[in-house]
Amino acid sequence: MSESSEVDSSKPSNTKPFNLEKPPKPSLEARICYKMTELFSTSDRQATVIPEEEENYLRIANLLIRVAPSAVRIQFNNEFYPGGLKSVLNKNRLNILEPLKRKRIINQAQWDLLFPVTGNTSSESYDLTLMICLLKHLTDIEVSDILPFPGNQSKGADLSRLRYYRNQIMHSDDGTLSCLIFNEWWTEISQAIIRLGGTSFVERCNHLKERHLDANDKEIITELKNISRSLNPVPKGLRKICEDTVGEWKKENVADTRAIRRLSEIMTTHNVAVAVGPSGCGKSTAIHYIALQLALKHEYAIIIVYNPEDIRQFYDPDCKQVFVIDDVFGIATFDENKAIKWLNMSNDIKRILDYNQAKLLASCRTHIFQHRIAKTVGVLADFSCDFISADYCLTEDERECIANLYLTKKEIRDLKSSNTFSKFYFFPVLCRYYSNNNSGCIVKFVFKPNTSSRGQALFAFHII
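Residues numbered from 1 in each chain as written. Predicted model: local features only at pLDDT ≥ 70, side-chain atom pairs only at ≥ 80, totals over all residues. Heavy atoms only, no water.

- Named according to an unreviewed UniProt entry, the protein chain is DZIP3-like HEPN domain-containing protein originating from Mytilus galloprovincialis.

## What to know about the sheet that holds strand β1 (residues 272-276)
Here's step 1: Here we have five strands laid out as an open sheet, ordered β2-β3-β4-β1-β5, and parallel in their pairing. In this open sheet, the two edge strands, each paired with only one partner strand, are β2 (301-304) and β5 (384-386). Pairwise comparison of adjacent strand axes, ignoring direction, gives a mean angle of 20° for this sheet.
Here's step 2: Sheet topology places strand β3 (residues 321-325) next to strand β4 (residues 358-364); five bridges connect them, and they run parallel. (Pairing = 2+ DSSP bridges. Helix = DSSP H or I, 4+ residues; strand = E, 2+ residues; numbered from the N terminus. Axes fitted to C-alpha atoms, helices over the stretch in contact; angles between N-to-C directions.)

## Considerations on the environment of V254
Here's step 1: Among the structural elements, V254 can be located in the loop between α10 (236-249) and α11 (258-270).
Here's step 2: Apart from residues lying up to four places away in sequence, V254 is in contact with I260, T285, Y289 and L405. (Contact = heavy atoms within 4.5 Å.)

## Side note on the confidence of the model for the protein chain
Here's step 1: Scored by pLDDT, the protein chain comes out at a mean of 83, with 81% of its residues at no less than 70.
Here's step 2: In the model, residues 39-47 has pLDDT below 50 throughout and makes 17 contacts with residues more than four positions away in sequence or in other chains.
Here's step 3: Note on residues 450-464: pLDDT is under 50 here. Beyond four places in sequence and across chains, it has 35 contacts. (pLDDT = per-residue confidence, 0-100.)

## Re the side chain of S418
Here's step 1: As for its position among the elements, S418 is in the loop between α19 (409-417) and α20 (427-437).
Here's step 2: Side-chain polar atoms of S418 contact the backbone oxygen of L415, separated by 2.7 Å. (Polar contact = N/O pair within 3.5 Å; in protein donor to acceptor, adjacent residues only side chain to side chain.)

## Observations regarding the pairing of β3
Here's step 1: Burial runs high along β3: five of the five residues are buried.
Here's step 2: The two faces of β3 match: Q321, F323 and I325 on one face and V322 and V324 on the other face are all buried.
Here's step 3: Of the pairings in the sheet, the one linking β2 to β3 comprises four bridges and is parallel in character. Within the sheet, the bridge partner assigned to I302 lies in β3 and is V322. (Buried < 20%, exposed > 50% of the residue type's maximum accessible area, 1.4 Å probe, protein only.)

## Overview of the pattern of salt bridges
Here's step 1: Tallied over the full model, the rule gives 17 salt bridges.
Here's step 2: Two residues, D244 and K240, come together in a salt bridge whose shortest N-O distance is 2.8 Å. Linking D244 with K240, this pair stays in helix α10, spanning four residues, or about one helical turn.
Here's step 3: When the shortest N-O distance is used, the salt bridge between D414 and K410 registers 3.0 Å. Highlighted residues: D414 and K410, both in helix α19, separated by four residues, approximately one helical turn.
Here's step 4: Residue classification places D414 among the partly exposed positions, given a relative accessible area of 23%. (Salt bridge = Lys/Arg side-chain N within 4 Å of Asp/Glu carboxyl O.)

Pasting the structure below:
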């Protein structure tokens, strides 16, 4: 896809009026390709060696962004005769393509290329992901969302490989690849390109692998990250709020409990889990902790949301995301409007979760979750864990682990001797509030809510 030219204001006023509509935004691949061409075509760069692992990353990115689309385009034009492409797209617009757009599998920039206001559509302007998407949904070619088995060399498998590695490169955090990984990836990607595009691509791949790169080319790594962020469906302001909030979550003290383990099991199996219980029992801490583990161990992006529309709006099928929502049906009382929204959007949320790239963690208070409407929202009601049930309430050992995070040994002994150590379901929040506010005698804090700061703690967390 070529860069859009700007209007030249120096032209005479009697020229044909320009179309003032904003032109389609160039695709991610097109913009990266332009940047790479700019960098690699400069012959007088300072010949300084860059770290090998960064060079590996640049070569793979170049292979996927500059070479792979041409090979895929050959297959695409074999499946869709260029002269009849417009007719095929119009035929499938309502039943197939528009639903893909609503699910954000096809973005607005790509949609404008498929159905331009003026002129005809052409695969020459399509990026790698758009061509693979159309081949997957408009032909019998089976394109998978996961990396195929190495022995599978079908067209669908090769398209799946290119899509998989493209996503890996675009969402890389450090812009480096070890030599071992580079060689594995290069073989997989280049062989897929050659099978799809023909033997003419052998020389192109070999040339790219041997091309000299220097230190000035390092800026492409920053450019890749900036472009990727600019196309993020989550607004910049909300991303900043999420980052700050997640930073606060990282400071939370967490003890391993049966409830947290059960919630993790549900999440692993169904991609959605709801922590249910009264205020102060540790629901929010649990879902925050699990989200952090997904981010740390499996590179999920944490997206804090407030309603189901946010999930549909911010969903990115090319990125692993975990959506986190506290008090899913209301804070102190049942919010019927919010519940109706969940009910109406349940099918969309299920489809998003079924792609296995997104997960959903939510919390809800017991009395709210028991509302008759809440029980009909299957995408949430069927995958819950009750934090005060006999199977998942805090055990004596778990309470001691929590107490050790906040209290001194003497304070723990005093609580046990007063026979209140196992009394309250909101034990976690009591310990945290007492520790944060130096609330005097621990026994007095527990026994006299109206004359101590315990009452303030319970009020602050909507327990009284």
